[in-house]
Amino acid sequence: MDLQTSLITSKTRESSGSETIKRYDFQKDFSLILIIDMYLSWKDFVILFEFHDDILVIDSAINPGNLNFYQVKTKATGNWTTNALLKAKEWEKSILWKMYLNKELFPKNTKNIFLVSNARFSLKLKNGNKWEDKADISWTELADTEINKINDDLMKELLLVSKPQFELIWNFHVTDLSLKDSQQHCIWKLSCLIDKISSESAVNSSVAYRAIYDHIKKKSSAIFTEIEKTELKGDEFEKLIKLKWITKNEFQWILETIGVWKDPEKIWLRIEADLKSTWLNIVTLKPYKRWWDMYRSAL
């Protein structure tokens, strides 16, 4: 079975209806940060929301090979300890169990599994290294006592006969995205991206954020039962992308739609020339120019 078919036919996690609005916004904003970073550095990508995990990133829409899973968890106070990660339950399963399940479903294609949070991970590390100094911790950096504790717990929870194989793929990531104001962080990142693409662009980054966020929200809200109703046949993977995922090309289309590559001054000169061709004089043109300036300020 190829990866495209396996992604569609493998049973997905049940979606939780108990997420708070703040966590929901944080997760979507983190996905937007991912999209911005990947847009600048990846040749191609597909990002999937609430399907097999909170966020699933695939390396290609045409010929997918590598999967990167992101489990996003927020914490208002304190840090994540090993006990907290093992005891935190959803659907009577631990956070770490859900992460390992992805590796079990896609053993050949899982490149990385990320546990992402705004809170730090208070985990014992090898060689006396301090977790307080690290925003990223890999499985191989954990002290043997931590590794053994996690392995023993997962083996009992999953009834495994051998230790889980996490060595090269499991990562703990502390994002600098603010739990209290993740939106402003995203607006700033978008502003930087827009300026890098076109320094002359007059697109309002707040308006751009809302347009992209609403697109992400729409994709996230599509649930698997809706996918099943489309009676997928033959081109299932392509239909799934259109319903549930955002590709690099689609993200670029959104940027183009909101006018990132357009030069407002040149657009006005074309409008002005068209208006003058209808024999409007300079006095008559003034209200049109005011309306155009008002439109630009709203972009």
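Above this text is the structure in question.
Cut-off values and rules
Residues numbered from 1 in each chain as written. Predicted model: local features only at pLDDT ≥ 70, side-chain atom pairs only at ≥ 80, totals over all residues. Heavy atoms only, no water. Helix = DSSP H or I, 4+ residues; strand = E, 2+ residues; numbered from the N terminus. Buried < 20%, exposed > 50% of the residue type's maximum accessible area, 1.4 Å probe, protein only. Contact = heavy atoms within 4.5 Å. Areas by Shrake-Rupley, 256 points an atom, 1.4 Å probe, with all protein chains shown as cover. Pairing = 2+ DSSP bridges. Phe/Tyr/Trp six-rings, centres within 6.5 Å; stacked < 30°, edge-to-face > 60°. Lys NZ or Arg CZ within 6 Å of the ring centre and 35° of its normal. Axes fitted to C-alpha atoms, helices over the stretch in contact; angles between N-to-C directions. Polar contact = N/O pair within 3.5 Å; in protein donor to acceptor, adjacent residues only side chain to side chain. Parallel < 35°, antiparallel > 145°, perpendicular 65-115°, else oblique. Nonpolar A, V, L, I, M, F, W, Y, C, P; charged D, E, K, R; others polar.

A. Main features of the overall build of the protein chain. Along the protein chain, the regular secondary structure elements total twelve helices and nine strands. When burial is assessed residue by residue, the protein chain has 46% of its 299 residues classed as buried. Nonlocal contacts in the protein chain, meaning residues at least 24 apart in sequence, comprise 65% of its contacts between residues at least 6 apart. Within the structure as shown, the protein chain displays about 16,100 Å² of accessible surface, and the carbon and sulfur contribution to it stands at 52%.

B. Just unusual backbone geometry, in detail. One non-glycine residue, Glu50, lies in positive phi territory at about 55 degrees. Within the secondary structure, Glu50 is located in the loop between β1 (46-49) and β2 (55-58). Phi angles above zero are rare outside glycine, and His52 is one such case at about 75 degrees.

C. Region of interest: the pairing of strand β8 (residues 170-174). Of all five residues in β8, four are buried, a share of seventy percent or more. As paired strands, strand β7 (residues 136-138) and β8 are joined by three bridges and run antiparallel to one another. Residue pairing for β8: Asp136 is matched across the bridge by His173.

D. A look at the packing of aromatic side chains. Scanning the model with the defined rule gives eight aromatic pairs in all. An aromatic cluster is defined as three or more aromatic residues linked by ring pairs; in this entry it consists of Phe121, Trp139, Trp170 and Phe172. Directly above the aromatic system of Trp80 lies the positively charged group of Lys75, at a separation of 4.5 Å from the ring centroid. Just above the ring of Tyr39 sits the side chain of Lys248; from NZ or CZ to the centre is 5.5 Å.

E. Seen up close, the pairing of β2. Because side chains alternate across β2, one face comprises the buried residues Ile55 and Val57, and the other comprises Leu56 and Ile58, equally buried. Pairing between β1 and β2: four bridges, direction antiparallel. When the sheet's bridge partners are listed, Phe49 is paired in β2 with Ile55. As defined by bridge partners, β2 adjoins strand β3 (residues 67-73) across four bridges and the pair is classed as antiparallel. Following the sheet pairing, Val57 is matched in β3 by Asn68.

F. The arrangement of the side chain of Thr82 in detail. When you line up the elements, Thr82 lands in helix α3 (residues 82-87). Leaving out residues up to four positions away in the same chain, Thr82 has contacts with Ser122, Leu123, Glu146, Lys149 and Ile150.

G. Region of the structure containing the environment of Lys103. Of note, Lys103 is situated in helix α4 (residues 95-105). Given a relative accessible area of 15%, Lys103 falls into the buried group. Note: C-alpha distance between Lys103 and Gln165 (62 residues apart in sequence) is 8.5 Å. In this view, Lys103 contacts Thr110, Ile113, Gln165 and Ile169; residues no more than four positions away in its chain are not counted.

H. Geometry of the sheet that holds strand β6 (residues 110-117). The sheet built from seven strands is open, its strands ordered β7-β8-β6-β3-β2-β1-β9 with mixed pairing. For this open sheet the edge positions go to β7 and β9 (245-247), each flanked by a neighbour on one side alone. Across the sheet, the mean angle separating the axes of adjacent strands is 20 degrees when strand polarity is ignored. Relative to β9, β1 is paired through three bridges, and the arrangement is antiparallel.

I. Broad picture of the side chain of Ser60. Locating Ser60 in the fold gives a position in the loop between β2 and β3. Owing to a relative accessible area of 13%, Ser60 belongs among the buried residues under this scheme. Only 3.1 Å separates the side chain of Ser60 from the backbone nitrogen of Ile62, close enough to count as a polar contact. From its side chain, Ser60 meets the backbone nitrogen of Asn63 in a polar contact 2.9 Å long. Discounting chain neighbours no more than four positions away, the residues touching Ser60 are Asp44 and Val46.

J. Up close: the packing of helix α6 (residues 182-197) against helix α7 (residues 205-221). Contact pair α6 / α7: the axes reach a minimum separation of 9 Å and the direction vectors enclose 110 degrees. Taken as axis vectors, α6 and α7 run roughly perpendicular relative to one another. Facing α6, whose interface residues are Gln183, Cys186, Ile187, Leu190, Ser191 and Ile194, α7 presents Ser205, Ser206, Ala208, Tyr209, Arg210 and Ile212. Within the contact of α6 with α7, the residues separate by chemical class into seven nonpolar, four polar and one charged.

K. The arrangement of α4 in detail. Burial analysis of α4 places eight of its eleven residues in the buried class, which makes it a mostly covered element. Along α4, the residues that are buried comprise Ile95, Leu96, Trp97, Lys98, Met99, Tyr100, Asn102 and Lys103.

Any functional reading would require information that these geometric values do not contain.
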